[in-house]
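Next come the chains, spelled out residue by residue.
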Amino acid sequence: MTRILVIEDETEIASFLRRGLSLEGYQVDVAFDGTRGLELASTGTYDLIVLDLMLPGIDGLEVARRLRADSNVPIIMLTARDAMRDRVAGLEAGADDYLVKPFAFEELLARIRAQLRRRQSGQAQDVLRFANLTLDTRSRELRVGDRRVELTAKEYDLLELFMRHPNQVLTRDIIYDRVWNYDFGGESNILEVYVRYLRQKLEANGEPRLIHTVRSVGYILREDT
């Protein structure tokens, strides 16, 4: 049975999520603060974590950072904050998706299913290679030639998407759907920001550019000949 950990300090929301997810066939545990959430998560037995941003004690951002230090379990962050900087902070801390309160349970359920599908498909191939890049999907470690490169959670997700679809033009809509699971709309410059981050890391020692812009369409991972 798929196990989900809900870390949420609002008892009504926590109870609602426990009941709803249990009816969908998931095994659900609940923690009401960050400290207890980390204790439960450390068992490594959960397939997905639903994490509130505003928690007593250790807040959601710090919980996500600590989880990401040694785990790639999918994290869906819940918050009452809708500002772009808050979304980016959550994603940079390690969240895989972001849902603003109040939300429809059906939307959360769809996002949970999407994250679980991605995790299952990601386990099919452990090591991805393209040109001078080697990406280990188990350890989430990237090597550019002999150089080890540290990636944030979203940088990793974006590069993994490119490396699973080399030499294919990926539209902006596809990238937003696969990496962020929703459309940023008018605030879509977040994609350019992350592509720039990746390029800086992949090309830090003068390596050739591999992520190319397809004007007005999206991006492609390819070697220039």
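As a reminder, the structure under discussion sits directly above these lines.
The structure reproduced in this document is the subject of the present report. (Residues numbered from 1 in each chain as written. Predicted model: local features only at pLDDT ≥ 70, side-chain atom pairs only at ≥ 80, totals over all residues. Heavy atoms only, no water.)

### As for the pattern of salt bridges
Step number 1: Tallied over the full model, the rule gives 23 salt bridges.
Step number 2: Taking the shortest distance from any N to any O, the salt bridge between arginine 65 and glutamate 62 comes out at 3.4 Å. With arginine 65 and glutamate 62 both in helix α3 (residues 60–68), this residue pair falls three residues apart, about one helical turn.
Step number 3: Here aspartate 97 ties to arginine 111 by a salt bridge, and the two come within 3.0 Å at their closest N and O atoms. Of this pair, aspartate 97 sits in strand β5 (residues 97–100) while arginine 111 sits in helix α5 (residues 105–122); the two residues are 14 residues apart in sequence, bridging distant segments of the chain. The pair aspartate 97 / arginine 111 is uniform in exposure class, with both members buried.
Step number 4: A single salt-bridge network, built from bridges that share partners, covers Glu8, Glu10, Asp52 and Lys101. (Salt bridge = Lys/Arg side-chain N within 4 Å of Asp/Glu carboxyl O. Helix = DSSP H or I, 4+ residues; strand = E, 2+ residues; numbered from the N terminus. Buried < 20%, exposed > 50% of the residue type's maximum accessible area, 1.4 Å probe, protein only.)

### A word on the sheet that holds strand β6 (residues 127–130)
Step number 1: Strand order in the open sheet formed by four strands is β6-β7-β8-β9, with antiparallel pairing between adjacent strands. Only two strands of the sheet have a single neighbouring strand rather than two, namely β6 and β9 (147–149). The sheet shows a mean angle of 20 degrees between the axes of neighbouring strands, taken without regard to direction.
Step number 2: Relative to strand β7 (residues 133–136), β6 runs antiparallel, the two being bridged by four bridges. Counterpart to phenylalanine 130 in the pairing with β7 is leucine 133.
Step number 3: Sitting on the sheet, helix α6 (residues 153–164) is in contact with β6, β7 and β8 (141–144), with an inclination near 115 degrees to β7. (Pairing = 2+ DSSP bridges. Axes fitted to C-alpha atoms, helices over the stretch in contact; angles between N-to-C directions. Contact = heavy atoms within 4.5 Å.)

### Focus on the side chain of glutamate 207
Step number 1: Mapping glutamate 207 onto the fold places it in the loop between α8 (189–202) and β11 (211–214).
Step number 2: The class of glutamate 207 is buried, set by a relative accessible area of 16%.
Step number 3: Reaching out from glutamate 207, the side chain makes a polar contact with the side chain of arginine 147 at a distance of 2.9 Å.
Step number 4: Within the structure, glutamate 207 has its side chain in polar contact with the backbone nitrogen of asparagine 205 (distance 2.9 Å).
Step number 5: Those residues in contact with glutamate 207 that lie beyond four places of it in its chain are Asn132, Val144, Arg147 and Leu202. (Polar contact = N/O pair within 3.5 Å; in protein donor to acceptor, adjacent residues only side chain to side chain.)

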